[in-house]
Amino acid sequence: MSSCIWQKSSYCAQGEACIHVAAAGPGTVELTESGDPTGAILRTAPTAWAALVRTIKESRTRD
């Protein structure tokens, strides 16, 4: 993983299949999977990340 301060998802149960999120600097959010810490890191804009989180939360309230 990069030198960012990673935060584990609050929905992560016990185990290794978790999403980690980090603020990588101005205008960048990074995401990675804890099961493969040396694997790919997805980088996105904070507005895109916020839209994804909002959409997921909204879809959970409809179910």
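Quick notes on the rules
Every chain begins its residue count from 1, and numbering advances along the sequence as written. Where totals are concerned, whole chains, interfaces and linings use all residues; where local detail is concerned, this predicted model gives features only for residues with pLDDT of at least 70, and gives and counts side-chain atom pairs only at 80 or more. Only hydrogens and water are set aside when side-chain values are computed; all heavy atoms of the structure are taken into account. Strands here are runs of E lasting at least two residues and helices are runs of H or I lasting at least four, both read from the DSSP assignment and numbered beginning at the N terminus. Only protein chains enter the accessibility calculation, which uses a 1.4 Å probe; a residue whose area is less than 20% of its type maximum is buried, one above 50% is exposed, and one in between is partly exposed. Under the convention used here, a 1.4 Å probe and the Shrake-Rupley method define accessible areas, while residue burial counts only the protein chains that appear. Pairing between strands requires that DSSP locate at least two bridges from one strand to the other. Every residue gets a pLDDT, meaning the predictor's confidence in that residue, from 0 to 100. Counted as a polar contact is a pair of N or O atoms within 3.5 Å, where, for protein atoms, one must be capable of donating a hydrogen and the other of accepting one, and residues adjacent in sequence contribute only when both atoms are in side chains.

(A) Here's a closer look at the overall build of the protein. When you go through the protein residue by residue, the secondary structure sums to 1 helix and 4 strands. Starting at the N terminus and ending at the C terminus, the protein contains elements arranged as β-β-β-β-α. Residues counted as buried form 17% of the 63 residues belonging to the protein. Carbon and sulfur atoms make up 56% of the accessible area of the protein, which totals about 4800 Å².

(B) Local environment of the sheet that holds strand E3 (residues 28–33). Taken together, 4 strands build an open sheet; the order of strands is E1-E2-E3-E4 and the sheet is antiparallel. In this open sheet, the two strands that pair with only one neighbour each are strand E1 (7–8) and strand E4 (42–44). Sheet topology places E1 next to strand E2 (residues 19–25); 2 bridges connect them, and they run antiparallel. Bridged to Gln7 within E2 is Val21.

(C) Examining the confidence of the model for the protein more closely. Residues with a pLDDT of 70 or more make up 86% of the protein, whose mean pLDDT is 83. Summarising per-element confidence for the protein, the mean pLDDT is lowest in E1 (84) and highest in E4 (94).

(D) Focus on the environment of Gly25. Tracing the backbone shows Gly25 in strand E2. Classification of Gly25 as partly exposed rests on a relative accessible area of 33%. Sequence separation between Gly25 and Cys4 is 21 residues; the distance between their C-alpha atoms is 8.7 Å.

(E) View of the pairing of E2. Examined bridge by bridge, E2 and E3 share 6 bridges and lie antiparallel to one another. By the bridge assignment, Ala22 is partnered in E3 with Glu30. If you look at the hairpin formed by E2 and E3, you'll find 2 residues sitting between the two strands, and Gly27 has a positive phi there, around 80 degrees.

(F) Examining the side chain of Glu30 more closely. Along the chain, the position of Glu30 falls in strand E3. Residue Glu30 is classed as buried on the basis of its relative accessible area of 5%. A polar contact of 2.8 Å, which involves the side chain of Glu30, links it to the side chain of Arg43.

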